[in-house]
Amino acid sequence: MQLRNVAIVAHVDHGKTTLVDHMLKQAGTFRENEAVADRVMDSNDLERERGITILAKNTSVRWKNPSGEIVKINVVDTPGHSDFGGEVERTLMMADAAILLVDAAEGPLPQTRFVLTKALALGFPVIVVINKIDRGDARPDDVLNEVFDLFVDLEASDAQTDFPVLYAVGRDGHAMRKLDDPRVNLQPLFETIFEKVPPPKGDANAPLQIVINNIDHDDYIGRLAIGRVSQGTIKANQQVGIIKENAKNKAAIKVLNTFEGLKRTVTQEAQAGEIIAIAGIDDIDVGDTIT
Ligand code: GDP
């Protein structure tokens, strides 16, 4: 299986949730009879109330590339807000590239700048998606220029500044390589992710190493440690070492999950590059390393 880990970055309301929702639908993650909240990534009540996406969440889609291979795309939602500075960085570190989604009327706004700065500093290639080109007041050409100026202003490398651009009507599930291309589906976006997001590095046969980037909670299985396998292979029931800032512990991996669609699913092993959640380790925190 091919793997791609991509973060999605946007100013609030530029259409991140709606776009990811359509990616999930078009990649066939939903079963016909599955009831889902119509908007995927900010189902959290607090977020609904405040109208902003706060929590970093992981979703994934499986897409068949033109050669017929299955490509699993882990989509990492980034909090689009400088109030969550540390969380933004930690979340980005689970990805290898970023999708920058910008409203075709509003152009890049301050939150865009903040998160983009972090993504550029990590050396990520960025895919620019100019969204909502259906808006009556859309001005996609100007917005593209503004995005370009922003990259230059933030001292992006030449390679980063030579970013691929897509145009989109996220609400209809359409992405196009050119402004006047027919609006069909999100294939151009999936193709661009496959082409431009580097496959994860890391040797699956090397000693295990996972840095925990996020902590979550599950009502049934308890505390969840989320991170990316930077090298090696993790197995369910395995004994591991936990390296903390000032201590070393041992623990057993009771439940190992990967992300499939909107859900976590139980898995027996996960290799370098994959994003995982581990249950059953109570004394684990962000920044700890599993070995
Ligand atoms: P988020 O805050 O970035 O997750 O943005 P949402 O996905 O919640 O979208 C914000 C608003 O923009 C909602 O009212 C959406 O219906 C609307 N929206 C999303 N995509 C499009 C689009 O392609 N065109 C237009 N005109 N509106 C859109």
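Residues numbered from 1 in each chain as written. Predicted model: local features only at pLDDT ≥ 70, side-chain atom pairs only at ≥ 80, totals over all residues. Heavy atoms only, no water.

Caption draft 1: Expanded view of the overall build of the protein. Per the secondary structure count, the protein includes seven helices and 17 strands. Residues classed as buried in the protein amount to 52% of the 291 residues present. Across the protein, every contact between residues at least 6 apart in sequence was considered, and the portion connecting residues at least 24 apart equals 67%. Here the protein has roughly 13500 Å² of accessible surface; of this, 46% comes from carbon and sulfur atoms. (Helix = DSSP H or I, 4+ residues; strand = E, 2+ residues; numbered from the N terminus. Buried < 20%, exposed > 50% of the residue type's maximum accessible area, 1.4 Å probe, protein only. Contact = heavy atoms within 4.5 Å. Areas by Shrake-Rupley, 256 points an atom, 1.4 Å probe, with all protein chains shown as cover.)

Caption draft 2: Helix H1 (residues 16-26), seen in detail. In terms of residue burial, H1 counts as a mostly covered element, since eight of its eleven residues are buried. Considered for burial, the residues of H1 that qualify are Lys-16, Thr-17, Leu-19, Val-20, Asp-21, His-22, Met-23 and Leu-24. Residues of H1 that are buried sit in contact with strand S1 (2-10), strand S2 (58-64), strand S3 (70-77), strand S4 (97-103) and helix H7 (187-196).

Caption draft 3: Quick peek at the environment of Ile-8. Relative to the assigned elements, Ile-8 resides in strand S1. Separated by 67 residues in the primary sequence, Ile-8 and Val-75 place their C-alpha atoms 6.9 Å from one another. When residues no more than four places from it in sequence are discounted, the contact partners of Ile-8 are Lys-16, Leu-19, Val-20, Val-75, Val-76, Asp-77, Thr-78 and Ile-99.

Caption draft 4: Local environment of the sheet that holds strand S16 (residues 275-279). Read from one edge of the open sheet, eight strands run S12-S11-S17-S8-S9-S16-S13-S14, paired in antiparallel fashion. The outermost strands of the open sheet, each flanked by one partner alone, are strand S12 (248-252) and strand S14 (263-266). (Pairing = 2+ DSSP bridges.)

Caption draft 5: Structural context of unusual backbone geometry. Here Asp-13, not a glycine, exhibits a phi torsion of approximately 80°, which is positive. Secondary-structure assignment places Asp-13 in the loop between S1 and H1. For Lys-132, which is not a glycine, the phi torsion comes out positive at approximately 65°. Summarising the element assignment, Lys-132 is placed in the loop between strand S5 (126-131) and helix H5 (140-153). The exposure class of Lys-132 is partly exposed, given its relative accessible area of 23%.

Caption draft 6: Representation of the pattern of salt bridges within the structure. Under the counting rule described, the total for this entry stands at 20 salt bridges. A salt bridge links Lys-72 to Glu-274, with the nearest nitrogen and oxygen atoms 3.0 Å apart. You can see Lys-72 sitting in strand S3 and its partner Glu-274 sitting in the loop between strand S15 (269-271) and S16, a full 202 residues away along the chain. Of the two residues, Lys-72 and Glu-274, neither departs from the other in class, the shared state being buried. Of the charged contacts, one joins Asp-137 and Arg-135 as a salt bridge, the two residues approaching to 2.9 Å between their closest N and O atoms. Each of Arg-223, Lys-244, Asp-283, Asp-285 and Asp-288 takes part in one network of salt bridges that share partners. (Salt bridge = Lys/Arg side-chain N within 4 Å of Asp/Glu carboxyl O.)

Caption draft 7: The nonpolar core, seen in detail. Counting 36 residues, the largest nonpolar core has Leu-100, Leu-116, Val-128, Val-147 and Phe-151 as the members making the most contacts within it. In this structure, Val-147 is in contact with Leu-100, Val-102, Pro-108, Val-128 and Phe-163, ignoring residues within four places of it in sequence. Counting residues in hydrophobic clusters, the runner-up holds 27 residues, among them Val-61, Ile-127, Ala-168 and Leu-186. (Core = buried A, V, L, I, M, F, W, Y, C linked by side-chain atoms within 4.5 Å.)

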